[in-house]
Amino acid sequence: VQLQACGGGLVQAGGSLRLSCAASGRTFSLYGMGWFRQAPGKGREFVAAIRWSDGATYYADSVKGRFTISRDIAKDTVYLQMNSLKPEDAAVYYCAAGTGRILLTPTSYAYWGQGTQVTVSS
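A few points on the structure. Just so it is clear, the model here is predicted, and its values are computed rather than measured. (Residues numbered from 1 in each chain as written. Predicted model: local features only at pLDDT ≥ 70, side-chain atom pairs only at ≥ 80, totals over all residues. Heavy atoms only, no water.)

Of note, aspartate 76 is a non-glycine position whose phi angle comes to about 50 degrees, a positive value. Unlike most non-glycine residues, serine 84 shows phi in positive territory, near 50 degrees.

This is the structure:
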């Protein structure tokens, strides 16, 4: 499975961005897809995930109510709509896909995209 992420950029605090991640290859085997982020000097942090079969979603507490993850099965694509962005949301965002059942942990994901930079100015 290959993942291609895009949609990052520079936005003012309070603004919005939408990230996209298109999967290709053996996507029929996937259990879920997720987004993680990593800020300079920090570890990789779970942001949101979606179970591919039924669309069940999971969010980190820090983004609940502001971010929305969704999927387009026909396009094998997952989206992350980010609203009310804060400076602390700035990071490199990675999409991930895998067959593991615990979608909040990086170890459930075997496939990772290249990362897309999100910068939030205050």
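Looking now at the pattern of salt bridges. Considering all chains together, one arrives at five salt bridges under this definition. A salt bridge links aspartate 89 to arginine 37; the shortest N-O distance between them is 2.9 Å. In this pair, aspartate 89 sits in the loop between β8 (77-82) and β9 (91-98) while arginine 37 sits in strand β4 (residues 32-38), placing the two residues 52 residues apart along the sequence. Under the relative-accessibility criterion, aspartate 89 is labelled buried at 1%. Taking the shortest distance from any N to any O, the salt bridge between arginine 51 and aspartate 54 comes out at 2.7 Å. Connected through salt bridges with shared partners, the residues Arg37, Glu45, Arg66 and Asp89 form a single ionic network. (Salt bridge = Lys/Arg side-chain N within 4 Å of Asp/Glu carboxyl O. Helix = DSSP H or I, 4+ residues; strand = E, 2+ residues; numbered from the N terminus. Buried < 20%, exposed > 50% of the residue type's maximum accessible area, 1.4 Å probe, protein only.)

Either a parallel or an antiparallel arrangement is found when strands of a sheet pair, and the pairing is made through backbone hydrogen bonds. As summarised here, the arrangement of the four strands in space is β1-β3-β8-β7, forming an open sheet in which the pairing is antiparallel. Strands at the two margins of the open sheet, each flanked by one partner only, are β1 (2-6) and β7 (67-72). Each strand axis lies, on average, 15 degrees off the axis of its neighbour in the sheet, ignoring direction. Where strand β3 (residues 17-24) and β8 come together, six bridges link them in antiparallel fashion. Bridge assignment links cysteine 21 to a residue of β8, and that residue is valine 78. (Pairing = 2+ DSSP bridges. Axes fitted to C-alpha atoms, helices over the stretch in contact; angles between N-to-C directions.)

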